[in-house]
Amino acid sequence: MPVTPAPFPAHRPRRLRRTSWMRDLTREHGLSRKDLIWPIFVRDGDGVEEPVESMPGVLRRSVDRVVEAARRATDAGIPIIALFPYTADRHKTPTCEEAWNPDNLINRATRAIRARVPDIGIMLDVALDPYSSDGHDGLVRDGRVVNDETLLALEKQALAQAEAGADILGPSDMMDGRIGVIRRALEANDFPDVAIMSYAAKYASAFYGPFRDAVGASRSLKGDKKTYQMDPGNTDEALRLVLRDLEEGADMVMVKPGMPYLDICRRISELGVPTCAYQVSGEYAMIAAAGERGWIDRDKVVMESLCGFKRAGCTGILTYFALEVAEAMA
Ligand code: PBG
């Protein structure tokens, strides 16, 4: 509890703001490069880097370029990257088999990074949307996203990813029961050390728009994701989902999107669970666009936005700004 300050003039809060070293000395929350998780988009090809139109400054990279990016990330002090595939349409089916192909793009990229940049952490998303011709995170039957059948597919996907060398699996699909299924499969298949970061509080959000362009899911998505992602009006539900996922074996949890949901970050981190936030594609796009137009100072806004996550109690932050921030802090 904050103590009651002495009355003015004994208490002059401006004394502690007078110089930059004084501000440094009395700052409560700060960002470290070690807090950052950098999401990277992977595509096929060789020597390819292609801009994502709705995320200026963000690229889709072929596997060889992803390896280079991973090296740059460790050099800049970033501990972990998260890989997302831009899957060619010919690999998208209603049954999503490509998700558990040991040689799919994401698993190949993971192996290549493991071999050449052994010390960097690798996080992979568990969800079917990059592989689904319906664009949904789960399997679709008669126009509905079916839960229990999807769990079988997610289990296979998770095991293929653990096999490829992922350190953290991030189930982002929002099916019920998936954490338990994935945890049991990891234990039974000799991957006891693979951690699960559950996208526990994942909202049905319009802030994911640019990401769906980046992974090529916008053109396939039929309808919306409101029958499995959370309603933006809810907070208590987020706590229930976090507790459920912890009981099922999640090691840490995520809140997503980030900035519009800092209240959720605060409530969840107060439970005493390692809490990460995902500053999502739409948040990136807004800052990047306003920065490009000279309406805001991009660098300062980026740092301030990330500081907000620390203040809200987050231990880790997924952000597309990770590399530029880490390199600036190096
Ligand atoms: C898919 C997934 C999404 C994001 C991460 N994993 C999109 C969605 O749920 O539609 C969004 C990330 C971002 O917007 O940056 N399971």
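Here the residue numbering is sequential within each chain, running from 1 through the sequence in written order. Thresholds applied to this predicted model are a pLDDT of at least 70 for local features of residues and 80 or more for the giving and counting of side-chain atom pairs; totals over whole chains, interfaces and linings are not thresholded and use all residues. Excluded from the side-chain calculation are hydrogens and water; included are all heavy atoms of the structure.

> Describe in detail helix H9 (residues 281–292), supporting the description with residues and values.
For helices the rule is a DSSP run of H or I covering at least 4 residues; for strands it is a run of E covering at least 2, with both sets numbered from the N terminus onward. Expected span of a helix, by definition, is 1.5 Å for each gap between consecutive residues, and there is one gap fewer than residues. Between the first and last C-alpha of H9 there are 16 Å, a value that for 12 residues agrees with the 16 Å anticipated at 1.5 Å per step. With a 1.4 Å probe rolled over the protein chains alone, any residue whose accessible area is under 20% of its type maximum counts as buried; one over 50% counts as exposed, and the rest are partly exposed. Every buried residue belonging to H9 is among Ser 281, Gly 282, Glu 283, Tyr 284, Ala 285, Ile 287, Ala 288 and Ala 290, and all of these are buried. Residue contacts are defined here by distance: any two heavy atoms, one from each residue, within 4.5 Å place the two residues in contact. At its buried positions, H9 is contacted by helix H6 (209–214), strand S11 (275–279) and helix H10 (298–311). Where H9 terminates, the next one or two residues include Gly 294, which has phi positive at roughly 75°.

> Could you give an account of the site of the ligand, with specific residues and numbers?
Whether a residue is near a molecule or strand depends on its heavy atoms: it is near if one of them lies within 4 Å of it. Around the ligand sit 18 residues, and of these Lys 202, Arg 212, Lys 256, Ser 281 and Tyr 320 come closest. Whenever two N or O atoms come within 3.5 Å, that pair is a polar contact, provided that in protein one can donate a hydrogen and the other can accept it, and provided that, for residues adjacent in sequence, both atoms are side-chain atoms. Between the ligand and the protein, one listed contact pairs a nitrogen atom with a side-chain N or O atom of Ser 172 at 2.7 Å. Ser 281 has a polar side-chain atom sitting 2.7 Å from an oxygen atom of the ligand. Per-residue and other accessible areas were derived by the Shrake-Rupley procedure at a 1.4 Å probe size, with only the shown protein chains allowed to occlude residues. Protein contact buries 100% of the 400 Å² of open area that the ligand shows by itself. Of the residues assigned to the shell around the ligand, the class counts are eight nonpolar, three polar and seven charged. Three categories are distinguished: nonpolar for Ala, Val, Leu, Ile, Met, Phe, Trp, Tyr, Cys and Pro, charged for Asp, Glu, Lys and Arg, and polar for the others, with Gly belonging to the last.

> Before we move on, could you go through unusual backbone geometry and cite the residues and values that matter?
Here Phe 8 and Pro 9 are connected by a cis peptide whose omega angle stands at 5°. Within the secondary structure layout, Pro 9 lies in the segment before helix H1 (20–26). Here the residue pair Lys 256 and Pro 257 is connected by a cis peptide bond, since its omega of -5° sits within 30 degrees of zero. Mapped onto the elements, Pro 257 comes out in the loop between strand S10 (252–256) and helix H8 (262–269). In this structure, Cys 96 is a non-glycine residue whose phi angle is positive, near 60°. Position of Cys 96 relative to the elements: it lies in the loop between strand S4 (80–85) and helix H3 (105–116). Assessed through its relative accessible area of 0%, Cys 96 is described here as buried.

> Quick rundown of the environment of Arg 183? Include the residues and the values.
Mapped onto the elements, Arg 183 comes out in helix H5 (residues 178–188). On the accessibility criterion, Arg 183 (12% relative accessible area) is buried. For the pair Arg 183 and Tyr 131, spaced 52 residues apart in sequence, the C-alpha separation works out to 22 Å. Among residues more than four places away in sequence, those in contact with Arg 183 are Pro 192, Val 194, Ala 195, Ile 196, Glu 248, Gly 249 and Asp 251. From its side chain, Arg 183 meets the backbone oxygen of Val 194 in a polar contact 3.2 Å long.

> Let's hear about empty space enclosed by the protein: which residues, and what values?
A pocket here means an open set of points on a 1 Å grid, computed over the protein atoms alone, that has protein on both sides within 12 Å along at least five of seven lines. A cavity is instead a set of points where a 1.4 Å probe fits but cannot get out; residues with an atom within 4 Å of a point line either one. Grid points are joined across faces, edges and corners, and a volume is the space filled by probe spheres set on the points. The tally for this structure, following the rule as stated, stands at two cavities of 30 Å³ or more. Lining of the largest cavity is provided by 17 residues; of these, Asp 129, Lys 202, Tyr 208, Phe 211 and Lys 256 occupy positions nearest its centre. Of all the secondary-structure elements, those providing two or more residues to the lining of the largest cavity are strand S9 (195–202) and H6. Within the lining of the largest cavity, the residues separate by chemical class into seven nonpolar, three polar and seven charged. Forming the walls of the second largest cavity are Leu 83, Pro 85, Ile 106, Asp 125, Ala 127, Asp 129, Pro 130, Tyr 131, Gln 157 and Gln 161. Looking at the lining of the second largest cavity, the elements that each hand over two or more residues are S4 and helix H4 (147–164). For the lining of the second largest cavity, the class distribution of residues is six nonpolar, two polar and two charged.

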